[in-house]
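An overview of the molecular structure
Read off the chains here:
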Amino acid sequence: MTVTCGIDWASDHHDVALVDHEGTLLARARITDDAAGLQQLLDLLTTHGDREDAPIPVAIETSRGLLVACLRATKRPIYAINPMAASRYRDRHAVARKKSDHLDAMVLANILRTDKAAHRPLPDDSELAQAIAVLARAQQDAVWDRTQAGNKLRSHLREYFPGFLAAFQPRREGLCSKAARVVLAAAPTPEQAAKLTRTQLCSLLKKAGRQRGVEAEAERLRQALRVPQMRQLPQVEQAMGRQTIALLRQLDAACTSADDLTAAAVESFEAHPDAEIITSFPGLGSLTGARVLAEIGDDRSRFTDAKGLKAFAGAAPVTRASGRSLAVMARRVKNQRLASVGYVWAFAALTASPGARAHYDRRRADGDRHTAAQRNLFNRMLGCLHHCLTKRTHYDEATAFPVPQAPQLSVAA
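Note that the structure is a prediction, hence the values are computed from the model and not measured. (Residues numbered from 1 in each chain as written. Predicted model: local features only at pLDDT ≥ 70, side-chain atom pairs only at ≥ 80, totals over all residues. Heavy atoms only, no water.)

Let's talk about the pattern of salt bridges
Side chains that carry opposite charge are capable of pairing whenever their charged atoms lie near each other. Counted under the stated rule, the structure contains 17 salt bridges. Across the salt bridge formed by D15 and R30, the nearest N and O atoms sit 3.0 Å from each other. Taken as a pair, D15 in strand β2 (residues 13–19) and R30 in strand β3 (residues 25–32) lie far apart in primary sequence, 15 residues in all. The partly exposed category is assigned to R30, whose relative accessible area is 47%. Three or more residues are tied together by salt bridges with common partners; here these are D15, R30 and D101. (Salt bridge = Lys/Arg side-chain N within 4 Å of Asp/Glu carboxyl O. Helix = DSSP H or I, 4+ residues; strand = E, 2+ residues; numbered from the N terminus. Buried < 20%, exposed > 50% of the residue type's maximum accessible area, 1.4 Å probe, protein only.)

This is the structure we're talking about:
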């Protein structure tokens, strides 16, 4: 008898339902979100035929959390069902649109009973790959937090201290640079900044880690910070300076977190066996490679062919045909993190790979817009990546982008 399990999870408890191959409810329970609740769940599964060689599959609406991690450790198939898909299945069991935690658990169990082939189990990634996923995603979140904190500080400075923005605008990192943050912490108002001497600025730049051109940069900043500008009232300016210090602390914390997580993600990624293959691709370094590996994992059975990987990344288009109408559109349901790093990957490959550049130019000449041409290039590179990871071989430019040979004309005697 085939038994399937559905778990409707919550923050402090979970509802469990087990059904047989005919949809008959075999057992139901509400377990707590702790070790005792996990043991209760495992005992319940064992009672209904769970064995090491034939574990009962579990459907749940999340792929994260301690419960999922512990269930994955038992080597049983875990199916993370999209909540939107689960809500569509609920209409099969409740026409009146009623809802309860027990009903949701039964719906999830019946999804595996009837449409198990239409859903994918969580990949069996290695422990190192899962750790890389945690670090790479946290690093990307930290970069987004750093950007948000920098934008807040920039918007605030524009209201009372535009001269500081003009002084550090030419720099690549802008307000996120160490020099800008150190100088702003020492002089958060136009009055204080205008009083900074060349010696003080040199000391601040050295504190920020600058080693070359300190004198010239200090003189440039001294002149830039003394340029006349519109000012707020004195007390208002002082109050806004205090707010700047508070926003600056947030930016400092975001920058530190991003730097620390970058180093940790790169270190873990470079210890993975797939690192050399991934970084052999043009446009992929250790950090971007870590982001790619974090999303595709190292379970090679996850994607049976390159088409599945391309669809997962959103690089493959979607065709909608009905009657005489036919539309080919960009895929919107995708892994957003992989699609984000794919844009960076394709952009960097334009200068690192002659074949990628020729492919992009060819798509542009055929009428594609910039984004569509880059997405098509990303699609091509994903196919190469899937092949290289499957065959355990490094990237080869001549194989990925072969140069077409001109046809040879035979001369009649």
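Here the narrative resumes, following the displayed structure.
Concerning the sheet that holds β2
Two orientations exist for strands paired in a sheet by backbone hydrogen bonds: parallel and antiparallel. The sheet built from 5 strands is open, its strands ordered β3-β2-β1-β4-β5 with mixed pairing. The open sheet has two edge strands with one neighbour each: β3 and β5 (78–80). Neighbour to neighbour, the strand axes of the sheet diverge by 20° on average, direction disregarded. Across 3 bridges, the pairing between strand β1 (residues 4–9) and strand β4 (residues 58–60) is parallel. Residue pairing across strands places C5 opposite V58, the latter belonging to β4. In the packing of helix α1 (residues 35–47) onto the sheet, contacts are made with β1, β2 and β3, and the angle to β3 comes to roughly 170°. (Pairing = 2+ DSSP bridges. Axes fitted to C-alpha atoms, helices over the stretch in contact; angles between N-to-C directions. Contact = heavy atoms within 4.5 Å.)

Details of the packing of helix α15 (residues 336–352) against helix α16 (residues 354–365)
Put simply, α15 and α16 touch, their axes get as near as 6 Å, and they point 115° apart. For the element pair α15 / α16, the angle class is roughly perpendicular. Helix-helix and strand crossings are classified by hand; for α15 and α16 the assignment is left-handed. The residues of α16 that touch α15, namely those facing A349, L350 and A352, are P354, A356, R357 and Y360. (Parallel < 35°, antiparallel > 145°, perpendicular 65-115°, else oblique. Left-handed = near helix turned anticlockwise from the far one by under 90°.)

Notes on the packing of aromatic side chains
Taken as a whole and assessed by the stated rule, the structure comprises 7 aromatic pairs. What links up through ring pairs into an aromatic cluster is the set Y160, F161, F164 and F168. R302 extends its terminal NZ or CZ atom over the ring of F312, reaching a point 4.8 Å from the ring centre. (Phe/Tyr/Trp six-rings, centres within 6.5 Å; stacked < 30°, edge-to-face > 60°. Lys NZ or Arg CZ within 6 Å of the ring centre and 35° of its normal.)

With respect to the environment of Q140
Locating Q140 in the fold gives a position in helix α5 (residues 127–160). For Q140, a relative accessible area of 4% gives the class buried. Considering only alpha carbons, one finds Q140 and E217, 77 residues apart in sequence, at a separation of 32 Å. Sequence-distant contacts of Q140, defined by excluding residues within four places in its chain, comprise R291, R337 and S340.

Focus: the nonpolar core
If you look at the biggest cluster of nonpolar residues, it comprises 35 residues, and the most contacted ones within it are F281, I296, W345, F378, L382 and L385. Elements with a minimum of two residues in this core: α12 (275–279), α13 (286–296), α14 (306–313), α15, α16 and α17 (370–391). By size, the runner-up hydrophobic cluster in this structure holds 31 residues, among which are L184, L204, M240 and L251. (Core = buried A, V, L, I, M, F, W, Y, C linked by side-chain atoms within 4.5 Å.)

These values are about where atoms sit, not about what they do.
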